[in-house]
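Each chain, written out:
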Amino acid sequence: MSGPQRTGTGGGSRRAVVTGLGVVSPHGTGVEAHWKAVADGISSLGPVTREGCAHLPLRVAGEVHGFDAAETVEDRFLVQTDRFTHFALSATQHALADARFGRADVDSPYSVGVVTAAGSGGGEFGQRELQNLWGHGSRHVGPYQSIAWFYAASTGQVSIRNDFKGPCGVVAADEAGGLDALAHAALAVRNGTDTVVCGATEAPLAPYSIVCQLGYPELSRAAEPDRAYRPFTEAACGFAPAEGGAVLVVEEEAAARERGADVRATVAGHAATFTGPGRWADSREGLARAIGGALAEAGCRPEEVDVVFADALGVPEADRAEALALADALGPHAARVPVTAPKTGTGRAYCAAPVLDVATAVLAMEHGLIPPTPHVRDVCHDLDLVTGRARPAEPRTALVLARGLMGSNSALVLRRGAVPPEGG
């Protein structure tokens, strides 16, 4: 098992802060729709209705309904891209608007970078073009097949559409890659880039994509939405997948203040480890080491953590390992700190799931409210899991956790608003 890999998000004279949020989730498009549903403990899990999926054994997922990419994205970009990139382009526009970041704020296109993470890529686009190939011949395959399916497509198209020519990249780090993308954005800021658009969106509910996922033993086959995804309970039977995601605008703090932006949160610390695919018992040590590394980089004591956004896989062995990892890393505070997993109401959107958690954590700190964990009632681990209703609180430090099916572990520490230079 590898030791924690830190990306230098913590100290230094250049600090990475969050100034904008853009969300496309099963709860709705936009921060307001997402937060209202999360705060109310609403679940948007439901039957899989995407075309061509009725005969497949996956019954419950978190679908994004009523999404019209054309409302925010021009046709010339839509025809070249898959649904997962449509989500990214739309979320980016919402995030830039939320940050009040416009063309006038860009001194040079090289001052703005783009970093995303993706796991499934453009499955819907790729499936359609392959069907055209085998059903009608190569002349019926569009030229954009060469790029639309690629997991790097969202980074490329966000960069091209907005003329952002700064450091760009794609993180391929399993489902934990969503947190790692945010950490890479913070690192780019520390290294001299003023602004980085970062996040993750996924669209894994096309037939081809679902067939690929059916090989995961952790995927829930439950047919009832209220039973499909119930982590930390005796009834845990896996996770319900989801589409959608979130994009954040991360800026250098001084540059953000100079243009009059609101500093919503500080990316204070991050660390990642690797324990190997399917080794959920081993993820206890790997996740604990990631938590310890992230706290150390943030200069954060365990008792300072005010809320934990759990990975919450929904597999008994994995849930047990996560609870024990928190105990190992936080000590006695692990039994007292509020823990939540609002993703049980949206589904687990692979790389995008922890980025949605980061966006939700920022909103929770701003609103003084810890959202509940839908569908979960009887918790069978020594955790203060928030269930039923949202809990009023004044969280100033949030710990967001993520693990991937292939063995990646990641932890990220967020501080509310700006943090004094000494990190205290």
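Just above sits the structure.
In this report, we go over the structure that sits alongside the text. Predicted model only: the values in this text are computed from it and were never measured. (Residues numbered from 1 in each chain as written. Predicted model: local features only at pLDDT ≥ 70, side-chain atom pairs only at ≥ 80, totals over all residues. Heavy atoms only, no water.)

Regarding the pattern of salt bridges
Point 1. In the structure shown here, the tally under the stated rule is 25 salt bridges.
Point 2. For Arg15, the salt bridge goes to Glu253, with nearest N and O atoms at 3.7 Å. In this pair, Arg15 sits in the loop between strand S1 (5-6) and strand S2 (16-25) while Glu253 sits in helix H9 (residues 253-258), placing the two residues 238 residues apart along the sequence.
Point 3. The residue Arg301 makes a salt bridge to Glu303 at a minimum N-O spacing of 3.2 Å.
Point 4. For Glu303, a relative accessible area of 46% gives the class partly exposed.
Point 5. In this structure, a network of salt bridges that share partners links the residues Glu175, Asp311, Glu322, Arg348 and Arg403. (Salt bridge = Lys/Arg side-chain N within 4 Å of Asp/Glu carboxyl O. Helix = DSSP H or I, 4+ residues; strand = E, 2+ residues; numbered from the N terminus. Buried < 20%, exposed > 50% of the residue type's maximum accessible area, 1.4 Å probe, protein only.)

Description of a nonpolar patch on the surface
Point 1. Residues Val79, Tyr144 and Ile147 make up a contiguous nonpolar surface patch of about 250 Å² in total accessible area.
Point 2. Among the structural elements, Val79 can be located in the loop between helix H2 (75-78) and helix H3 (83-98).
Point 3. The class of Val79 is exposed, set by a relative accessible area of 53%. (Patch = residues over 30% accessible without salt bridge, like charges linked within 9 Å, V, L, I, M, F, W, Y side chains within 5 Å. Areas by Shrake-Rupley, 256 points an atom, 1.4 Å probe, with all protein chains shown as cover.)

Quick notes on the nonpolar core
Point 1. One finds Ile291, Val308, Leu326, Leu330 and Leu399 to be the most contacted residues of the largest nonpolar core, which totals 52 residues.
Point 2. Going through the elements one at a time, strand S5 (60-61), strand S10 (265-274), helix H10 (283-298), helix H11 (316-330), strand S16 (397-403) and strand S17 (408-416) are the ones with two or more residues in this core.
Point 3. If you tally residues by element for this core, the top one is H10, at 7 residues.
Point 4. Within the second largest apolar cluster, 50 residues are counted, among which are Ala173, Ala185, Val196 and Ala361. (Core = buried A, V, L, I, M, F, W, Y, C linked by side-chain atoms within 4.5 Å.)

Comments concerning empty space enclosed by the protein
Point 1. If you walk through the whole model with that rule in mind, you get 4 cavities of 30 Å³ or more.
Point 2. In this structure, the largest cavity spans a volume of roughly 70 Å³.
Point 3. What lines the largest cavity is simply His34, Val38, Pro342, Lys343, Thr346, Gly347, Ala349, Ala353, Leu356, Asp357 and Thr360.
Point 4. Sorting the residues of the lining of the largest cavity by element identifies helix H1 (31-39) and helix H12 (352-367) as the ones contributing at least two each. (1 Å grid on protein atoms, 1.4 Å probe; cavity = no way out; pocket = protein on both sides within 12 Å on 5 of 7 lines; lining within 4 Å. Points joined across faces, edges and corners; volume = space filled by probe spheres on them.)

Looking at the environment of Ala235
Point 1. Relative to the helices and strands, Ala235 is located in the loop between helix H8 (207-213) and strand S9 (244-252).
Point 2. Among the residues examined, Ala235 registers a relative accessible area of 37% and is labelled partly exposed.
Point 3. Along the chain, Ala235 and Pro316 lie 81 residues apart, while their C-alpha atoms are 8.6 Å from each other.

Details of H12
Point 1. When the terminal C-alpha atoms of H12 are compared, their 22 Å separation across 16 residues agrees well with the 22 Å that a helix rising 1.5 Å per residue should span.
Point 2. For H12, a buried count of 14 out of 16 residues is recorded, marking the element as mostly surrounded by other parts of the structure.
Point 3. Gly368 sits one or two positions beyond H12 and adopts a positive phi of about 65 degrees. (Expected span 1.5 Å × (residues − 1).)

Details of the packing of H10 against H11
Helix-helix packing is characterised by the crossing angle of the two axes and by the distance between the axes.
Point 1. For the pair H10 and H11, the least separation of the axes is 8 Å and the interaxial angle reads 40 degrees. When the axis of H10 is compared with that of H11, the two are oblique. The two elements H10 and H11 cross, and the hand of that crossing is right-handed. Taking contact as the criterion, the partners of Ser283, Arg284, Leu287, Ala288, Ile291 and Leu295 in H10 are, on H11, Ala321, Glu322, Leu324, Ala325, Leu326, Asp328, Ala329 and Leu330. (Axes fitted to C-alpha atoms, helices over the stretch in contact; angles between N-to-C directions. Parallel < 35°, antiparallel > 145°, perpendicular 65-115°, else oblique. Left-handed = near helix turned anticlockwise from the far one by under 90°. Contact = heavy atoms within 4.5 Å.)

Focus on the layout of surface pockets
Leftover empty space is mapped by rolling, across the atoms, a probe with the size of a water molecule.
Point 1. Size it by volume and the largest pocket reaches roughly 530 Å³.
Point 2. Lining the largest pocket are 28 residues, and of these Gly119, Ser120, Gly121, Cys212 and Tyr216 sit closest to its centre.
Point 3. Breaking the lining of the largest pocket down by element, the ones donating at least two residues are helix H4 (123-136) and H8.
Point 4. Its residues placed into classes, the lining of the largest pocket shows 15 nonpolar, 10 polar and 3 charged.
Point 5. The computed volume of the second largest pocket comes to approximately 230 Å³.
Point 6. Looking at the second largest pocket, the residues that line it are Arg50, Glu51, Gly52, Glu124, Gln127, Arg128, Gln131, Leu205, Ala206 and Pro207.
Point 7. Ranked by residue count, the leading element in the lining of the second largest pocket is H4, at 4 residues.
Point 8. Classifying every residue of the lining of the second largest pocket by side-chain character gives 3 nonpolar, 3 polar and 4 charged. (Nonpolar A, V, L, I, M, F, W, Y, C, P; charged D, E, K, R; others polar.)

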